[in-house]
Each structure stands twice: as C-alpha cells, then as structure tokens.
Amino acid sequence: MIYNLFIFSKDNKCLYYYEWNRPLKADSLDYEKENLSGLLIAICDFVSKISPIKPSFFKSYSTSSYKLHYYESLSGFRMAILTDPTTGDLTDSLEYIYGELFTNYVMKNPLYEIGQEIKSQKFIYELDLYISKLPFFK
Amino acid sequence: MSVSESIWSLLLNEFVNYVVSSVSEPSEPTKEENNEDFINDPEDQKKITKAKLSNAGYQIGQKLADRYTKDRSRFREQVDIIRFLCKDFWTLLFGKNVDNLKTNHRGMWIIRDENFRPLRNLSFPFDGKNLKKFDLNENQIQIVQRFLYFPCGLIRGALSALGIDADVDVHCSLIPACEFTVISKESN
C-alpha cells in the first residue's frame, strides 16, 4: 500500500506533498517535512561514508510499519514515497515520476518558476493516475 | 536536421514570458527617463504583446518556409499550400499532423490540433475542486493565448512567403487543443 509522497528541492524546500492513505495524521506537517528533508540529507551522506567497498547510494529504509523509498535526481531534486514494509523496490516508479511527469509537467510548464511549490493540475492529475494504477497501491 | 524538443519549448516559454514582462513592467532605466514605451492600459499591453510575438513569428515563418520548401516541386493551387502547411510544415514545427482541416472553399480554413505542442506542458494551478476537470476560465484563456501568438505569426509568415496573404487567428478552450482560423485576404 502506498501512503504518501514528498518532493524536495535542492535547498530543502518541500515542493509537493500528497497523501493517498494515512490513518495516523501528522501532528504538524511542516515540522514533518522539514525534519524528513534533514534526515534524508544526513542518511545519504552517512550511508555513503560508512560503505566498506565503494561509495553507495541510499535507496530505502524500512521500519515495522512502513518503508521509505528515496530517489534523488542529478540536479538535486529529491523524492520520498512511504509505503507498507512489504513493498518491493520502487526505483523504476520513482524514476518514471521524475523523468516523465516532473520534467514534463513541472519543469516544462511555462507557468512554473524554479523553486515554487508545485501546483500544476496536470502534474497532480498524472501523478495520481500513475500511483493509483500501481499494483501495490491498495 | 532536428532540434531538441526541450530546448525549443523552453525557449518559446521564456520568450513569451520575457515579452509579456517587458510590456507590462517598465525596466529601471526607462522608469527614470519617463519613457513612453511603457504602457499602462491592460488592453494596450495585450495588443502590444500580441503584435510583438506575432511579428517575431511572422519573420521566422517566412524564413522557415524558404528553408522547408527548397526541395519541393511547385505548388499549383492554394490548396497545395494549405496541405503543405498542415502536413510537412506542421510536422516539422509541432511534431505531428493537424487533426482536422475544414474549409468553406472561399478562402477560409479552420485548422484543428488536438494536442498542440506549445500547449502540451502548460498547466494551471489546481483549484482543489475536481482534478479531472481542466476547464479554463476567462483569465486563463487570456494567458493561454499568449503562447499562441507566436505560432500564429509563424503560420501567417509561412503562408505569406508561399503566396497566401492571410489573417490568422486562434482559439483555445481546453488545453492542449486549439483551433486556428486562416482567412485569405484575397477571398473577398
């Protein structure tokens, strides 16, 4: 099951948040966004540093009740999706969301300026359509 | 030769935004000199934006028509020119054929494109009501029009270079579809 999704900009601003299933509501969403962004930066930095073989990239972590999938673009946009812990690898889906939906309907939208929150209806619509069609959505 | 689709759509977007802001906001030095280039009336601003974008398109359209027809055989009738516009020219510029072409056989053509490239990525902020409803309000239609003045100019320029002196107008009520009306000035 897919719970929710965050998109962060390079400078740690949360550009987009959406929740599909979330029984336990956040106490403060702003606090949660800010902390998650900080946590992800720290994890990415740390996992790479302690890697015994060669630099490695953070992909996901899981707890007893959820799993966080992470994707970072080369230009510094970062995405996190929370799902139930049994969900497999989501790298392909995250790459699709970034490569097809985000670049086309956000970056190429003439009305979007870099750094703004994402409000484009087309993006929100296409994202919702894509996520709700994934086999492990429910 | 092909050009990256991204660069051309991003460039067009910036070009439109640049012209719009250059008309509606005076730059610093002109403010001081009290330059008469600065226009206060929104209707005039709209007209000047339209003229600037459409003229730029006109120039480019004329030149492109030369470039794109260099290996073709001669056009016999007006309809050949229109056919060229809707197939070859449209494909080269917008990546597809037009979806529908209507004519009254007296110098008027209506060209419809259901997925017009310059509008493909345009999207307004979601108003929080119905995600599946993409209807535009009056103000949004005005904004969409801005991105169509340049393509209108391109078509007018190409037709003019090939021998049809025409007025080209465009209407969009649901992105990314739009309808161009071409009226030949010789028809009357």
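How each quantity is defined
- Residues numbered from 1 in each chain as written.
- Chains lettered and ligands numbered in written order.
- Predicted model: local features only at pLDDT ≥ 70, side-chain atom pairs only at ≥ 80, totals over all residues.
- Heavy atoms only, no water.
- Helix = DSSP H or I, 4+ residues; strand = E, 2+ residues; numbered from the N terminus.
- Buried < 20%, exposed > 50% of the residue type's maximum accessible area, 1.4 Å probe, protein only.
- Contact = heavy atoms within 4.5 Å.
- Phe/Tyr/Trp six-rings, centres within 6.5 Å; stacked < 30°, edge-to-face > 60°.
- 1 Å grid on protein atoms, 1.4 Å probe; cavity = no way out; pocket = protein on both sides within 12 Å on 5 of 7 lines; lining within 4 Å.
- Points joined across faces, edges and corners; volume = space filled by probe spheres on them.
- Nonpolar A, V, L, I, M, F, W, Y, C, P; charged D, E, K, R; others polar.
- Buried area = accessible area lost by both parts, 1.4 Å probe.
- Salt bridge = Lys/Arg side-chain N within 4 Å of Asp/Glu carboxyl O.
- Polar contact = N/O pair within 3.5 Å; in protein donor to acceptor, adjacent residues only side chain to side chain.
- Axes fitted to C-alpha atoms, helices over the stretch in contact; angles between N-to-C directions.
- Left-handed = near helix turned anticlockwise from the far one by under 90°.
- Core = buried A, V, L, I, M, F, W, Y, C linked by side-chain atoms within 4.5 Å.
- Pairing = 2+ DSSP bridges.

A. Just the side chain of S9(A), in detail. Residues and elements named next belong to chain A. Secondary-structure assignment places S9 in the loop between β1 (2-8) and β2 (14-19). By relative accessible area, which is 4% here, S9 ends up buried. Residue contacts for S9: discarding those within four places in its chain leaves L15, G76, F77 and R78.

B. Representation of the packing of aromatic side chains in the model. Residue and element names in this part refer to chain B. Scanning the entire structure with this criterion turns up 23 aromatic pairs over all chains. Taking 5.5 Å as the distance between ring centres and 80° as the angle between the ring planes, the aromatic pair formed by W90 and F180 counts as edge-to-face. Within this pair, whereas W90 is found in helix α4 (residues 78-94), its partner F180 is found in strand β4 (residues 177-184), the two being separated by 90 residues in sequence. Per residue, the accessibility class of W90 equals that of F180, and both read buried. Taking 4.6 Å as the distance between ring centres and 55° as the angle between the ring planes, the aromatic pair formed by F94 and F116 counts as tilted.

C. Molecular detail of empty space enclosed by the protein. As enumerated under the stated definition, the model contains one cavity of 30 Å³ or more in all. Along its surface, the largest cavity is lined by K108(A), P110(A), S9(B), L12(B), N13(B), R117(B), P118(B) and N121(B). Across the lining of the largest cavity, the residue classes break down as three nonpolar, three polar and two charged.

D. Representation of the interface of chain A and chain B. Taken together, the contacts link 14 residues of chain A with 19 residues of chain B. For the pair chain A and chain B, the summed buried area comes to about 1,600 Å², and 63% of that belongs to carbon and sulfur atoms. Among the residues of chain A in contact with chain B, K108(A), P110(A) and Q121(A) are the three that bury the most area, contributing 45% of the side total. Our count for the chain A to chain B interface comes out at zero salt bridges. Applying the counting criterion to the chain A and chain B interface returns 12 residue pairs in polar contact (both at pLDDT 80 or more). Elements with a contribution of two residues or more to the side of chain A that touches chain B: α2 (91-107) and α3 (121-133) of chain A. Top element by residues in the side of chain A that touches chain B is α3(A). It accounts for five residues. Grouping the constituent residues of the side of chain A that touches chain B by class yields six nonpolar, four polar and four charged.

E. Representation of the packing of helix α3 (residues 42-68) of chain B against helix α5 (residues 138-162) of chain B in the model. All names here are of chain B. Viewed as axis vectors pointing N to C, α3 and α5 meet at an angle of 35°, and their least axial separation amounts to 6 Å. α5 is crossed by α3, and the crossing has right-handed handedness. Looking at the contact of α3 with α5 residue by residue, the class counts come to 12 nonpolar, 10 polar and four charged.

F. Looking closely at the nonpolar core. With 47 residues, the main nonpolar core has W90(B), L119(B), V144(B), L159(B) and F180(B) as its most contacted residues. When residues of this core are traced back to their parent elements, those giving at least two are α1 (5-24), α3, α4, β2 (108-113), α5, β3 (166-174) and β4 of chain B. Per element, the largest residue contribution to this core is 13 residues, and it comes from α5(B). In terms of nonpolar packing, the next biggest core, distinct from the first, is built from 27 residues, L5(A), L90(A), L101(A) and L127(A) among them.

G. Representation of the pattern of salt bridges within the structure. Enumeration according to the criterion identifies 13 salt bridges over all chains in this entry. A salt bridge links R83(B) to D80(B), with the nearest nitrogen and oxygen atoms 3.5 Å apart. Highlighted residues: R83(B) and D80(B), both in helix α4, separated by three residues, approximately one helical turn. You can call R83(B) partly exposed: its relative accessible area is 43%. Salt bridges here are not isolated pairs; linked through shared partners, they connect E19(A), R22(A), K25(A) and E32(A).

H. Quick peek at the sheet that holds β4(B). All names here are of chain B. One open sheet holds the four strands; their spatial order is β1-β2-β4-β3, and the pairing between them is antiparallel. Edge strands, defined here as strands with exactly one partner in the open sheet, are β1 (100-103) and β3. Across this sheet, the average inter-strand angle for adjacent strands is 15°, counted without regard to direction. In the packing of α5 onto the sheet, the strands contacted are β3 and β4, and the crossing angle to β3 comes to about 150°.

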